Amino acid sequence: TEEEKNRNELNAIDEAIRIMAEQKPDTIFGHNTEQFDWNFFDVRLKILGSSLEEISLKYFKHPIYKRKKEAILKLGGEMETYYPTIMWGHNILDSIFAVRRAMALNSDFESANLKYATRYLDLKKPNRVYVPGGKISTLWHIEKPIFAFNNENGDWYRVTEDKPLKSNYEVKTGRYIVERYLLDDIWEADKVELALNGSNFALSKMLPTTFPRVCTMGTAGIWKLIMQAWSYENGLAIPATVPKRRFTGGLSRLLKTGFVENLCKNDYNSLYPSITLTWNIESPLDITDIMLHLLE
């Protein structure tokens with residue numbers, strides 16, 4: 001019944017949160033989890049008469065919640081926004097962010113799909129099991145051993161008179177095949193995340209910010225934090241945070257109206273490291289003469 005379905009779904013989400021609390025991992029990640037899985041938990045729990053905060057407080061001292069203020073994912077010269085999931089004392093990462101950032105740097109990297117990413121990065125599991133989305137639920141409920149399964153290459157099929165059991169194949173249940181599919185999904189996501197976020201993890205050990213933020217911020221932000229950390233360690237003053245005020249945009253001089261080709265955009269504020277090094281730009285505020293050395 002609809003009531004049973006809702007109760008089972010509520011129990012499943014509750015169980016997932018309970019396992020996280022029991023395992024106490026430093027980092028929790030998945031592929032496309034910020035936009036889908038965590039958002040799914042948040043929305044469905046509200047529909048089911050509960051909330052992510054209410055469920056999580058059964059197992060955590062502080063609630064898990066979706067932040068109402070958007071965070072920025074920097075992708076090369078572009079940016080996207082998303083609502084981050086906050087879990088006090090834990091890092092929540094999404095491996096699809098790492099893949100998207102790699103795609104921004106490498107035009108040969110064509111898709112953020114996990115299956116494609118593992119192939120491109122040569123991380124594909126040799127005996128990876130695949131189950132079409134429409135068959136997952138049906139297979140899960142088949143607890144009779146009526147499927148042939150090959151553990152060497154992950155291939156499987158239903159045993160019939162026309163398709164008898166082949167050599168090197170074992171008889172398995174539909175539930176076993178779905179479990180293998182889900183575990184292999186996690187295995188590949190883990191390998192992709194490790195391959196692409198290794199440098200971010202190294203950076204997070206020297207920057208005064210969180211691991212998830214390092215995995216989503218841009219180069220300019222990273223340089224700002226490197227200089228901030230260096231200044232602090234060397235006893236130099238760090239300016240107090242200026243209160244934010246409304247900003248409607250910069251000065252724009254429009255020399256021609258209508259459709260414009262070959263447009264040139266000038267931004268005098270963007271003195272990025274490459275420009276600074278190319279023209280050997282020194283700042284009179286850099287009293288220790290360290291900026292250019294750090295950039296080098």
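Bear in mind the structure is a predicted one, so any value in this text is a computation, not a measurement.

Q: What should I look at first to understand the overall build of the protein in this one?
A: Looking only at helices and strands, one finds 11 helices and nine strands in the protein. The C-alpha radius of gyration of the protein comes to 25 Å, more than 25% above the 19 Å expected for a compact globule of 296 residues. When the backbone C-alpha atoms are referred to their principal axes, the protein occupies close to 80 × 50 × 45 Å. For the protein, the residues scored as buried account for 32% of the 296 residues in total. Restricting the contact set of the protein to residue pairs at least 6 apart, pairs at least 24 apart contribute 57%. For the protein, the accessible surface area stands at approximately 20,600 Å², while carbon and sulfur atoms represent 54% of it.

Q: I would appreciate a short explanation of a nonpolar patch on the surface in the present structure.
A: There is a patch of nonpolar side chains on the surface, built from Tyr272, Ile275, Trp279 and Ile281 and spanning about 430 Å² of accessible area. Following the sequence through the fold, Tyr272 ends up in the loop between helix 9 (219–233) and helix 10 (273–278). Tyr272 gets classed as partly exposed once you look at its relative accessible area, which sits at 44%.

Q: Sorry if this is basic, but what is going on with the sheet that holds strand 8 (residues 156–158) here?
A: Strand pairing in a sheet relies on backbone hydrogen bonds. The paired strands run either parallel or antiparallel. Strand order in this open sheet of three strands is 8-7-9, and the pairing throughout is antiparallel. One side of each edge strand has no neighbouring strand; the edge strands of this open sheet are strand 8 and strand 9 (170–173). Neighbour to neighbour, the strand axes of the sheet diverge by 45° on average, direction disregarded. Packed onto the sheet, helix 7 (residues 174–204) meets strand 7 (145–149), strand 8 and strand 9 and runs at close to 85° relative to strand 9.

Q: Sorry if this is basic, but what is going on with the packing of helix 1 (residues 2–23) against helix 2 (residues 33–47) here?
A: Relative orientation and spacing of two packed helices are given, respectively, by the angle between their axes and the distance between those axes. The contact between helix 1 and helix 2 brings their axes to 11 Å, and the two run at 135°. By the angle between their axes, helix 1 is oblique relative to helix 2. Between helix 1 and helix 2 lies a crossing of left-handed hand. Contact with helix 1, carried on its side by Asn6, Glu9, Leu10, Ile13, Ala16, Ile17 and Met20, involves Trp38, Phe40, Phe41, Arg44 and Leu45 of helix 2 and no other residues of that element. For the contact of helix 1 with helix 2, the per-class residue count stands at nine nonpolar, one polar and two charged.

Q: Would you take a moment to explain the packing of helix 4 (residues 95–105) against helix 7 for this structure?
A: Contact geometry of helix 4 with helix 7 gives a least axis separation of 9 Å together with a crossing angle of 60°. Classified by the angle their axes make, helix 4 and helix 7 are oblique. Helix-helix and strand crossings are classified by hand; for helix 4 and helix 7 the assignment is left-handed. On helix 7, the residues that touch Ser95, Ala98, Val99, Arg101 and Ala102 of helix 4 are Ala189, Val192, Glu193, Leu196, Asn197 and Asn200. Of the residues in the contact of helix 4 with helix 7, the class split is six nonpolar, three polar and two charged.

Q: Just to check I follow, could you spell out the pattern of salt bridges for this structure?
A: For side chains of opposite charge, pairing can occur when their charged atoms come near one another. All chains considered together, the criterion is met by 15 salt bridges. With its nearest N and O atoms 3.1 Å apart, the salt bridge here joins Lys125 to Asp184. Within this pair, whereas Lys125 is found in the loop between helix 5 (114–120) and helix 6 (136–140), its partner Asp184 is found in helix 7, the two being separated by 59 residues in sequence. In this structure, Lys125 and Asp184 share a single accessibility class: buried. Among the ionic pairs, Asp185 bridges to Arg128, the shortest N-O distance being 2.4 Å. With Asp185 in helix 7 and Arg128 in the loop between helix 5 and helix 6, the pair connects residues that are 57 residues apart, well separated along the chain. Residue Asp185 is classed as partly exposed on the basis of its relative accessible area, which comes to 27%. Take Arg128: its relative accessible area is 4%, and that puts it in the buried class.

Calculation notes
- Residues numbered from 1 in each chain as written.
- Predicted model: local features only at pLDDT ≥ 70, side-chain atom pairs only at ≥ 80, totals over all residues.
- Heavy atoms only, no water.
- Helix = DSSP H or I, 4+ residues; strand = E, 2+ residues; numbered from the N terminus.
- Rg over C-alpha atoms; globule rule 2.2 N^0.38 Å.
- Buried < 20%, exposed > 50% of the residue type's maximum accessible area, 1.4 Å probe, protein only.
- Contact = heavy atoms within 4.5 Å.
- Areas by Shrake-Rupley, 256 points an atom, 1.4 Å probe, with all protein chains shown as cover.
- Patch = residues over 30% accessible without salt bridge, like charges linked within 9 Å, V, L, I, M, F, W, Y side chains within 5 Å.
- Salt bridge = Lys/Arg side-chain N within 4 Å of Asp/Glu carboxyl O.
- Pairing = 2+ DSSP bridges.
- Axes fitted to C-alpha atoms, helices over the stretch in contact; angles between N-to-C directions.
- Parallel < 35°, antiparallel > 145°, perpendicular 65-115°, else oblique.
- Left-handed = near helix turned anticlockwise from the far one by under 90°.
- Nonpolar A, V, L, I, M, F, W, Y, C, P; charged D, E, K, R; others polar.

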